[in-house]
Structures are given as structure tokens and as C-alpha cells.
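What the coordinates show
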Amino acid sequence: MGNLYESKAMQKVRQIGEKFAGNKAIASVSAGMMVAMGIILIGAVAQLVAIIPTFFKLYTTEDTVYKTLMVPYDLSMGLISVYMAFTIAYSYAKSLKMQAVTNALNAMLVFLIVAAPIKTVELADGSTFTGIDNSCLGAVGMFTAILISLCTVKLAHFCEKRHLMIRMPDAVPKFLQDTFASLIPLIINIIIWHTIGSICTGVMTISLPYALSYLLSAPLGALTSVPGIIIVVFFANLLWTFGIHGTMVVYIAIMPALMEYIATNGALMSEGKALLFVPVALFGIMNCCGGTGNTLALCVMGLFSKSEQIKAVSRAAIVPGIFNINEPATFGYPIMYNPVLAIPFIFNPLITMFLCYFGYLAGLFKPSFTMITATLPVGVSPYLCTLSWTNILIPVIAFAVAWLVYWPFFKVYEKQLMEKEAANVEGA
């Protein structure tokens, strides 16, 4: 087992993971998402505040008070792709040492041109109303926002490197220099993306975000099927054992599908309709009880270990583990580059996902309709995302499975450390 991480296959996995994690574009997508998490959280809280009173018949979803309380949700999750276009472009431009705000604004403009065309509709009274079509500004436009933000910044970087920009005298204020320098890349980006968007609308009679959604439906469907999501989680956990943030790496791939799942159920919940379950919902089970690898059970059993090293790490990791933060456990025991603990770390979430899948099918668990991204104590997030008490059983199941899977490997590792500690005492 000690040679497992030195094998050619495992080293190849590590290299792939490092390339993903170290890629500036991928890192920028992750950073952009993290910046926008505050907006997502505000929308989630607003939705909960609006919906909970409807359970007690204080008002209905048709009442003015409900619609008023839902405004923050509509302007956060309903426009999440707009915010993502800005934050991802900002992060990418900053990583390339470019003017971040200007490039972020330009990317957001290009995205709006493609995803939110101006439309004029005739109202029932015969008058007309002109406005933007916001149907693609929520989760539907997520992938388009990512693609446009990265491509617009990359093209601007290309123009900057080849001096394809308007240069102003040094006496001109810096903000005006940046504005004029960005004009040529912005014009090129608008021409390219507006042409692509117009072709989609004219030939396919659908907007670019919908066209990309249909194009990606097959590969994303395979990725977010039950077998697909299990493979995704397996790969993420495997990367963690190399010291690479595997959750961040794979989250980028499934994030559009996950956001669309939440947005769809949010709309269904607002309309009082039945919620939908899709396999991508199983992704959160990988870190529902102590963070990635569901390490809370390992921390608890470590408190009673006969190994002084394990006991010390467990004392330090138990409180972060309660709040689903796993880094103290992952790097403290350690789990990375440690096949004895890496094996249960990788496989116990997969077993829990498999069990909870049947719980969803049986109606025991309720699909999420909002997204809570704060680091809350174990069990709180599953409840707030669903307002279903039965969903608190998910981390309970995860704890039980993790305890059973970790235990034999934990005892092997404990014995190894006790022998080392005893040898150190004798040699002192």
C-alpha cells in the first residue's frame, strides 16, 4: 500500500489534477464563483424568509407581501449569470495582470448583448412594452457567462500583447487611458459574439445560452447521471489525497447543472409545485458530515485513540469538522499521500451517495430548492436548503457509514503510529 501513490497511474492522476488546479482560467472560474457566493447566499435567505410563512398560511405566493419579499431572490439568483460574467472576467483579468474592472465590465456587456436581447411585446390593452429578455440571465446562461468572460478577457490580452489598442499620451488620466485601450478589443468581442448570437437566433430560432445548453445536454447528462456523479466525486476525493482541492476542480464542471437544478426547484417552490430530483443533487453528500470525505466520524474516533498524534490532531480538527471544514483533518492526520486513510476517505462518501439515492427515490429526502453556501454546523444546511427535517438524516447516515468504513483502516493506522511513538520513547 505504501507504493500506491508512487505508481505511474496515480502520478498521472496527480499531474492532471495539478494542471487543472494551476490553470489560470479554471482558477479564475473558481475565484469568480467564490466572489459571487455572497449574492447567492442573500438570494437563498430572502427566499427562505418569503416561503416559510406560506407554510403557516400567513399569506400565499400570489400576495403582494410574498412578491415583495422575493425581490432580492429574483435579482440575485435571477441574474446570477450576469454577476458571474463580471466576477469571472475580473478574476481572470487580474490573474493576467490586466485592468480588471474594465475587462469585467466589457465581459458583462458582451454577455448581455448575447443573452438578453431587447424585445418589444404588445400588451393586452394594445400598448407596447420594450425591455430585455431575462430568461437566460439566471442559471440557464451560466455556461455562456463562463465562456464569454474567459474568451473576452483572453482576446483583450491577445490585443494587449500585440499592441492592438488605442494609446493615449501620458498626460491623459489613467482611467481614460484604460478606457480607450480597451475599445478595440471590446469592439472585436462585440462583433464576434453578437454575430454568433444573431446566427443562433436567426438560424436555430433560439438564443446562444439555450443552444449551448442543448449542445452540452448529452455530455453533462452523462456527467450528472448517478454513475457520472459518482465518478466525479471519486475523482475529486482522489485529488484531495494528493493535496489538491479536488472539490474546486470538479465543481467547475458540474456547477452549471447544479445551479440550474437549484433554480428550477426554486421556481417550482415559488409556484407551489412538486420539486424535481436530479442526480447532481447527490454531489453535496460528499462533504455533508465534516467536509470532503465526511471526516467528522474520523475526528470523533480519534479523540479516543491510544496514539498521541491522532488524539492531538482530532482535538484540533473536531470543531472545524462540525462546521464541515476538513482541512485540519486532511492535512493533520494526514490523509493525503496516506493510502491507509485515503482509501476510506475516497470510498465512504460514495457508499453514502448510493444509499441516499434510494432515499430520494423513496421520497424520504426532499430535493433542494435554495443554496446555502455558508459553513454551517453539520445538519443545518440540509435542512435550510429543503426545509425538510428528514434531510437531516443525510449527515446522520453519512456519519454512520463513515464510522464503519474508517474504523478498520483507522485501527491499522493507529497501530502504526503507536509503534513509532513507542520506538521514539525507547530511543529518547
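As a starting point, this report considers the structure included with it. (Residues numbered from 1 in each chain as written. Predicted model: local features only at pLDDT ≥ 70, side-chain atom pairs only at ≥ 80, totals over all residues. Heavy atoms only, no water.)

**Quick word on the pattern of salt bridges**
Following the criterion strictly, the structure yields three salt bridges and no others. As a salt-bridge pair, Glu414 and Lys411 come within 2.7 Å of each other at their nearest N and O atoms. Taken together, the positions of Glu414 and Lys411, both in helix H18 (residues 393-427) and three residues apart, correspond to about one turn of that helix. Exposure remark for Glu414: the relative accessible area of 4% places this residue in the buried category. Here Lys411 falls in the partly exposed class, since its relative accessible area comes to 33%. (Salt bridge = Lys/Arg side-chain N within 4 Å of Asp/Glu carboxyl O. Helix = DSSP H or I, 4+ residues; strand = E, 2+ residues; numbered from the N terminus. Buried < 20%, exposed > 50% of the residue type's maximum accessible area, 1.4 Å probe, protein only.)

**Section: the pairing of strand E1 (residues 118-122)**
Burial within E1 is sparse, with just zero of its five residues counted as buried. In the sheet, E1 pairs with strand E2 (residues 128-132) via five bridges, with the strands oriented antiparallel. Its bridge partner lying in E2, Lys119 is registered against Gly131. In this antiparallel pair of consecutive strands, E1 and E2, the connection spans five residues, and Gly126 shows a positive phi of 95 degrees. (Pairing = 2+ DSSP bridges.)

**Here we look at the packing of aromatic side chains**
Any two aromatic rings considered together are summarised by their centre-to-centre distance and by the angle between their planes. For the structure shown, the criterion picks out twelve aromatic pairs. When the centroid spacing of 6.4 Å and the interplanar angle of 50 degrees are considered together, the rings of Tyr59 and Tyr66 count as tilted. Ring geometry for Phe354 and Phe358: centres 5.1 Å apart, planes at 80 degrees, overall edge-to-face. Residue Phe354 and its partner Phe358 are located together in helix H16 (residues 339-361), separated by four residues, close to a single helical turn. (Phe/Tyr/Trp six-rings, centres within 6.5 Å; stacked < 30°, edge-to-face > 60°.)

**Notes on the packing of helix H5 (residues 80-95) against helix H7 (residues 142-161)**
One can describe the packing of H5 onto H7 by two numbers: an axis separation of 8 Å at closest approach and a directional angle of 30 degrees. Classified by the angle their axes make, H5 and H7 are roughly parallel. Of the two possible hands of crossing, H5 and H7 adopt the one that is right-handed. Each of Ile80, Ser81, Met84, Ala85, Ile88, Ala89, Tyr92 and Ala93 in H5 lies in contact with H7, whose residues at this interface are Met142, Ala145, Ile146, Ser149, Leu150, Val153 and Lys154. (Axes fitted to C-alpha atoms, helices over the stretch in contact; angles between N-to-C directions. Parallel < 35°, antiparallel > 145°, perpendicular 65-115°, else oblique. Left-handed = near helix turned anticlockwise from the far one by under 90°. Contact = heavy atoms within 4.5 Å.)

**Quick look at the nonpolar core**
Ranked by size, the top nonpolar core spans 96 residues in total, and within it Ile40, Met84, Tyr251, Met259, Phe283, Leu298 and Tyr333 carry the most contacts. Looking at this core element by element, the count peaks at twelve residues for helix H12 (residues 246-270). Excluding its chain neighbours within four sequence positions, the residues that come into contact with Tyr333 are Leu298, Cys299, Gln309, Ile310, Val313, Ser314, Pro328, Leu341 and Tyr413. Val82, Ala85, Leu137 and Leu212 belong to the second-largest nonpolar core, a separate cluster that totals 17 residues. (Core = buried A, V, L, I, M, F, W, Y, C linked by side-chain atoms within 4.5 Å.)

**Looking at a positive patch on the surface**
Taken together, the side chains of Lys24, Lys97, Lys154 and Lys161 define a basic patch exposed on the protein surface. Looking at where Lys154 falls in the secondary structure, it is placed in helix H7. (Patch = residues over 30% accessible without salt bridge, like charges linked within 9 Å, V, L, I, M, F, W, Y side chains within 5 Å. Areas by Shrake-Rupley, 256 points an atom, 1.4 Å probe, with all protein chains shown as cover. Lys, Arg positive; Asp, Glu negative; His and termini not counted. Charge placed at Lys NZ, Arg CZ, Asp CG, Glu CD.)

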